[in-house]
Amino acid sequence: MNNIVPIDLYYPLYINLGLFLVLFSLLHTIVVDIDSKKNLTFINFSGYLLLFFLILYIGERPIHGIFGDTVNYDHTYTKYANGEPIPDDVNDFGWHLFMKGMSGLVSIHTFFTICAFLYIFPLYKISKNLFNHYWYYAFVMFVVSFSFWTYGVNGVRNGAACSLFLWGLCYRNNKVVMAIFFFLAVTFHKTLFLPIAAYIATYFYNNPKAYFKGWLVCIPLSLVMGGVWISIFASLGFGGDDRLSGYLTSQAESGTFSSSGFRWDFLFHSAFAVFAGWYFIIKRNFKDALYAQLFNTYLICNGFWVLVIRANYSNRFAYLSWFMMALIIIYPLLKEQFFKNQHFMIGRVVTIYFAFTYAMYYVYYG
């Protein structure tokens, strides 16, 4: 367990280290070429150091209420370690089977470190799989995302499930292995049915212009009929899970990451990836079948969230698209030349993207 960093400085240390890394990377994009040996050495060293640091820093965090559901996971883990069986009516059986199995083998802090690995390693894996030598830029985008910290220490199960989905995408040419990862993701958190179904749908219809128009239509539909959509999806139970329906209909607790009303701030945040996809695919005519699939998957999942945006805890559903946002924004810049000084453009994009995370903490919530 990490006893060196005071509890009240745990997140500020992470976000300010992120600030230093992002600004230093920006400086690097100004002074060296992206494919120079000096730059490749820097991004590989920094990337692997960041990967190992974050797994240990998040995994070895103290058990404290400041980390949200960390204390609840600890409570359940302790019960399993003391011999209690998995309840018959438990949801997300795969996750509880994982907890039960680990509880007889390792301590809670080792368990959280394994969870941090399952959450963070796939972000590295898909970055390396898609971008090879330039994986660092995508990985940094992932770990400075607005939702990254929350789903590493609070919504641990949801975060791990979404990362398993990304890990599965690394084996898109091996459908059996990909299906296994998708299955594990669903058993960890049933909400992964949505991005998995959306991704599968793109094999049958993969027209970004159509999905983009559909996303735009979701905004007025939500403004005019927001309560109707919440009632419809809640009545469906979203996969037969009453707990998930409760996210739509329950009253938010004081102090939680939730709010009622139409979340223009979160819609603005979601639009970062929508604009990126529109700009590169439609405006700049970027032709890449996989990118179109990823963008369309994002639009479907985010469109669903827009429809229920007024619900308390709708952020639980927003993350079903937000976990892909970094990938949607950075992908084209690491695949094709669009700008004269593209390395510097990549640095600016990473910096602007991180600026939203930084401002939300120190300005919006501060």
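Residues numbered from 1 in each chain as written. Predicted model: local features only at pLDDT ≥ 70, side-chain atom pairs only at ≥ 80, totals over all residues. Heavy atoms only, no water.

## Re the packing of helix α8 (residues 156-169) against helix α9 (residues 175-188)
Then, number 1: One can describe the packing of α8 onto α9 by two numbers: an axis separation of 8 Å at closest approach and a directional angle of 170°. It follows from the interaxial angle that α8 and α9 lie roughly antiparallel. Listed contacts from α9 to Arg157, Ala160, Ala161, Leu164, Phe165, Trp167, Gly168 and Leu169 of α8 are Met178, Phe181, Phe182, Leu184, Ala185 and Phe188.
Then, number 2: Of the residues in the contact of α8 with α9, the class split is twelve nonpolar, one polar and one charged. (Axes fitted to C-alpha atoms, helices over the stretch in contact; angles between N-to-C directions. Helix = DSSP H or I, 4+ residues; strand = E, 2+ residues; numbered from the N terminus. Parallel < 35°, antiparallel > 145°, perpendicular 65-115°, else oblique. Contact = heavy atoms within 4.5 Å. Nonpolar A, V, L, I, M, F, W, Y, C, P; charged D, E, K, R; others polar.)

## With respect to the pattern of salt bridges
Then, number 1: Following the criterion strictly, the structure yields one salt bridge and no others.
Then, number 2: A salt bridge links aspartate 92 to arginine 157, with the nearest nitrogen and oxygen atoms 2.4 Å apart. Here aspartate 92 is found in the loop between α3 (70-81) and α4 (93-103), whereas its partner arginine 157 is found in helix α8, with 65 residues between them in sequence. Residues aspartate 92 and arginine 157 agree in their burial class; the two are buried. (Salt bridge = Lys/Arg side-chain N within 4 Å of Asp/Glu carboxyl O. Buried < 20%, exposed > 50% of the residue type's maximum accessible area, 1.4 Å probe, protein only.)

## Remarks on the packing of α8 against helix α15 (residues 315-322)
Then, number 1: In contact at an axis separation of 10 Å, α8 and α15 are set at 25° when each is read in the N-to-C sense. Judged by the inter-axis angle, α8 sits roughly parallel to α15. For α8 against α15, the interelement crossing comes out right-handed. Across the interface between the two elements, Asn158, Gly159 and Cys162 of α8 pack against Arg316, Tyr319 and Leu320 of α15.
Then, number 2: Grouping the constituent residues of the contact of α8 with α15 by class yields three nonpolar, two polar and one charged. (Left-handed = near helix turned anticlockwise from the far one by under 90°.)

## Quick look at the environment of asparagine 315
Then, number 1: Relative to the helices and strands, asparagine 315 resides in helix α15.
Then, number 2: For asparagine 315, a relative accessible area of 7% corresponds to the buried category.

## Observations concerning the environment of tyrosine 80
Then, number 1: Structurally, tyrosine 80 is set in helix α3.
Then, number 2: Residues tyrosine 80 and arginine 263, spaced 183 residues apart in sequence, show a C-alpha to C-alpha distance of 39 Å.
Then, number 3: Apart from the residues within four sequence positions on either side, tyrosine 80 is in contact with Pro85, Ile86, Pro87, His96, Met99, Lys100 and Ser103.

## Let's talk about a nonpolar patch on the surface
Then, number 1: Among the surface-exposed residues, Leu223, Val224, Met225, Val228, Ile232 and Trp264 lie close enough to one another that they form a single nonpolar patch of about 550 Å² accessible area.
Then, number 2: Looking at which element gives the most residues to the nonpolar patch, the answer is helix α11 (residues 208-240), with five residues.
Then, number 3: Counting through the fold element by element, valine 224 comes out in helix α11. (Patch = residues over 30% accessible without salt bridge, like charges linked within 9 Å, V, L, I, M, F, W, Y side chains within 5 Å. Areas by Shrake-Rupley, 256 points an atom, 1.4 Å probe, with all protein chains shown as cover.)

## Section: unusual backbone geometry
Then, number 1: In this structure, aspartate 92 takes a positive phi of about 55° despite not being glycine.
Then, number 2: On the basis of relative accessibility, which here comes to 2%, the residue aspartate 92 falls in the buried class.
Then, number 3: One non-glycine residue, asparagine 132, lies in the positive phi region at around 50°.
Then, number 4: Turning to its location among the elements, asparagine 132 is positioned in the loop between α5 (108-131) and α6 (135-143).

## Some thoughts on the packing of aromatic side chains
Then, number 1: Counted according to the given criterion, the structure contains 62 aromatic pairs.
Then, number 2: Plain terms: the ring middles of tyrosine 119 and phenylalanine 148 are 5.3 Å apart, the flat faces sit at 20° to each other, and that makes the pair stacked. Taken together, the residues span a long stretch of sequence, with tyrosine 119 in helix α5 and phenylalanine 148 in the loop between α6 and α7 (150-153) at a distance of 29 residues.
Then, number 3: Tyrosine 119 gets classed as buried once you look at its relative accessible area, which sits at 3%.
Then, number 4: Judged by relative accessible area, which is 2%, phenylalanine 148 ranks as buried.
Then, number 5: Relative to phenylalanine 323, the ring of tyrosine 319 has its centre 6.0 Å away and its plane inclined at 45°; by these criteria the two rings are tilted.
Then, number 6: We note arginine 61 situated over the ring of phenylalanine 112; from NZ or CZ to the ring centre the distance is 4.4 Å.
Then, number 7: Positioned above the aromatic ring of phenylalanine 339, the side-chain terminus of arginine 284 is 5.7 Å from the ring centre. (Phe/Tyr/Trp six-rings, centres within 6.5 Å; stacked < 30°, edge-to-face > 60°. Lys NZ or Arg CZ within 6 Å of the ring centre and 35° of its normal.)

## Here we look at the nonpolar core
Then, number 1: Core analysis: the largest hydrophobic core is formed by 131 residues, its most contacted members being Phe111 and Phe165.
Then, number 2: No other element matches α5, which puts 14 residues into this core.
Then, number 3: When neighbours within four sequence positions are excluded, phenylalanine 165 is seen to be in contact with Phe182, Ala185, Leu192, Pro195, Ile196, Tyr199, Phe323 and Met324. (Core = buried A, V, L, I, M, F, W, Y, C linked by side-chain atoms within 4.5 Å.)

## A short note on the environment of leucine 164
Then, number 1: Position of leucine 164 among the secondary structure elements: in helix α8.
Then, number 2: Separated by 22 residues in sequence, leucine 164 and valine 186 have C-alpha atoms that sit 9.2 Å apart.
Then, number 3: Discounting chain neighbours no more than four positions away, the residues touching leucine 164 are Phe181, Leu184, Ala185 and Phe188.

## Notes on the confidence of the model for the protein
Then, number 1: With 90% of its residues at a pLDDT of 70 or more, the protein has an overall mean of 89.
Then, number 2: Within the model, pLDDT remains below 50 along residues 239-244, and this stretch shows twelve contacts once partners closer than five positions in the same chain are excluded.
Then, number 3: For the stretch residues 249-258, pLDDT sits under 50, and the model shows 17 contacts to residues farther than four places along the chain or on other chains. (pLDDT = per-residue confidence, 0-100.)

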